[in-house]
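One-letter residues, chain by chain:
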Amino acid sequence: MREILKDFCSLLFIAILVLPVEAVPNELSEYDNFTGESGLNKASNASRYYFNSDSGLICVAAGKTVDSGEIVSADEFVEEITFLTDSPESEQFPVWAADGAHILYIVERSDSSNLESYQMRANGSEVERIGIGEGNLTGFNDISPNGTELILTKSIDSQPDLYLANLENGTVFPVADDPQVSEYGGVWCRLGKKITYTQKAAGTPSQLWIVDRDGSNKFRLGTSENVGTGKDWCPLGLRVIYSAKDSKETSDLWVIDFYGTNQIRLTNTSSNEWNPSFSPNGKWIAYVSDEGGSPDIWLRDIEGNYRARLTNNTGNPDSVPKWSPDGSKIVFAGYNPENNSEINSTNTDMINSPNINGSDIDAINGSDIDAINGSDIDAVNGSDIDAINASDATIFDGSDTATVSGSDIVVIKLVSSSYISPDPKITGVKAIPPEGVSPEGNVTISVTVLNEGGNASEGYISVSFPENETIEDAEGTGSSVDVYSKGNSIQGNTGEITAQYTLVELAEHDWGAGKEETLNVTVIPNNRTEEIVFFVRSWLKDGSNGTYIRDPSLSADRDQQGYAVYRYSTEILQSIQ
């Protein structure tokens, strides 16, 4: 029963969220360009798992602008922060190899205009020069999902272009090298062959574009403008997250479908947010923000319930957080405060606000200068732009001048995955009697929920009736069962609201791992009809961050409180049973 409804919801979501208004069914064949396999079947399967919370591969819901959320302590997430390099040179643009055991990066030496490419083990040992892409090299961008190809940026005659390097034989070929525009900051679609990148023509705002790995089928993604270099694909590639400036010249995070539809702003704060990156399971976004007064690595959940500042005066404007393939670590280029004693929370307010003009970087006053990553920056990775982490970058804090030494490669090790989040699963929904209304004129709806994850301090089962059926009885195995009638005050996802229809809720304290709870509601249908429509959902509190994990997390239906629900009816249940 549940799987059938999920399949239906998945297909409905593809129609609503992914396809444009004028789309026809054969446009599903566009998935061929992403996967190299047959279109309709692959698209259907991808959509199912993309929106199926069971798989863990979820993404920001279309049409939902997330709030800033509560700030929580980094201690909840960070186990340790390690500087893998420590040298006078600038080590930049680290990317994970597909095996997660190695990191590729670039070294900029003060006595050379040519950048060098290196590889080291994930613990910082066995450093070796690999020579990949050297010669006009300005940045590593992203490694393909199979680990064989590296997107990088080269700059010839001050013109940044996008290239692919074969990591097996070292060959390099252009992917986007239009001499009329700057093209840079590419990232792989995690389904296979597509790359999204930033394109900027002289005198026009920067835009988001997509291209096949062989350089064909280039097209602009929606009406995106003022796009920075930072961007990423949701885990199954159907949506892209990126940074762009608003009318107030503040960088915010946005998401957009790969067709260019549903362009949604995720953040709208007085701070700057840029260089976003999805965790491998799609549940978290790592990004750079100056919210704390300096550019640092932040983490937020995709629903916007909370956010945490993972580093303190360690990041820089060019930091691009990259998740390890297993999601246990984040690598980025940053500053070591111990080696840069002049940098503190006072004078690093300026770091995120450089005015870039050719090779000169002047950071004068954070309030007067646009944040980096904005549309007025032709190419952060271009050779005509000296990265702010270079050894000659200068900060003016109003009283003295501090010289910033080169950036280092930094790894954030996240709290051990030995902690298991609670995981609610609605395992049973049935009507008694199964054939419909009993001779007494009632039906008992029984909902069973299993916690398939770790312990939860509290949990709930909710069953609501949009047709306002009469509740004859309600009982369950939990700590308490409450009935809320139409007109009662209840909690919605945005605060207290007035109930528009009947709601029954089971609450359980200390809902342990593997524990099952059941809510039974006896209902008298309106007008003695044989069909009763009802909504079902469940949620458990995650003690690691105080948020709630829900089943369903995404659905085509929502209840009066604004949450995703499964929609059932006794008629459907009867036909299945």
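This one's a predicted model, so the numbers in the text were calculated from it and none came from an experiment.

### Thoughts on the pattern of salt bridges
Here the structure, examined in full by the defined rule, presents 20 salt bridges. Of the charged contacts in the structure, one is a salt bridge between Arg-213 and Glu-149, with a shortest N-O distance of 2.4 Å. Of this pair, Arg-213 sits in the loop between β13 (207–212) and β14 (219–220) while Glu-149 sits in strand β8 (residues 149–156); the two residues are 64 residues apart in sequence, bridging distant segments of the chain. Judged by its relative accessible area of 27%, Arg-213 falls in the partly exposed class. You can call Glu-149 buried: its relative accessible area is 10%. The salt bridge involving Glu-183 is made with Lys-218; its shortest N-O contact spans 2.8 Å. Taken together, the residues Glu-183 in strand β11 (residues 181–188) and Lys-218 in the loop between β13 and β14 connect sequence positions 35 residues apart. Overall, Glu-183 belongs to the buried group, its relative accessible area being 0%.

### A few points about the sheet that holds strand β1 (residues 70–71)
Pairing in this open sheet of five strands is mixed, and the strands run β1-β22-β21-β20-β19 from one edge to the other. Strand pairing shows two members of the sheet lacking a second neighbour, β1 and β19 (273–278), which therefore form its edges.

### What about unusual backbone geometry?
Residue Pro-433 is bonded to the preceding Ile-432 through a cis peptide linkage, with omega at 0°. Even without a glycine there, the phi angle at Asn-217 is positive, about 55°. Checked against the element boundaries, Asn-217 lands in the loop between β13 and β14. Phi angles above zero are rare outside glycine, and Asn-262 is one such case at about 55°.

### Here we look at the pairing of β13
Judged by how many residues are buried, β13 sits mostly within the fold: six of six residues are covered. Side chains Gln-207, Trp-209 and Val-211 of β13 all project onto a buried face; the interleaved residues Leu-208, Ile-210 and Asp-212 project onto the opposite face, where all are buried too. Bridging between strand β12 (residues 194–201) and β13 involves six bridges; their strand directions are antiparallel. Pairing of Thr-196 across the sheet is with Ile-210, part of β13. Counting the residues in the hairpin turn of β12 and β13 gives five residues, including Gly-203, whose phi is positive at 80°.

About the criteria used
- Residues numbered from 1 in each chain as written.
- Predicted model: local features only at pLDDT ≥ 70, side-chain atom pairs only at ≥ 80, totals over all residues.
- Heavy atoms only, no water.
- Salt bridge = Lys/Arg side-chain N within 4 Å of Asp/Glu carboxyl O.
- Helix = DSSP H or I, 4+ residues; strand = E, 2+ residues; numbered from the N terminus.
- Buried < 20%, exposed > 50% of the residue type's maximum accessible area, 1.4 Å probe, protein only.
- Pairing = 2+ DSSP bridges.

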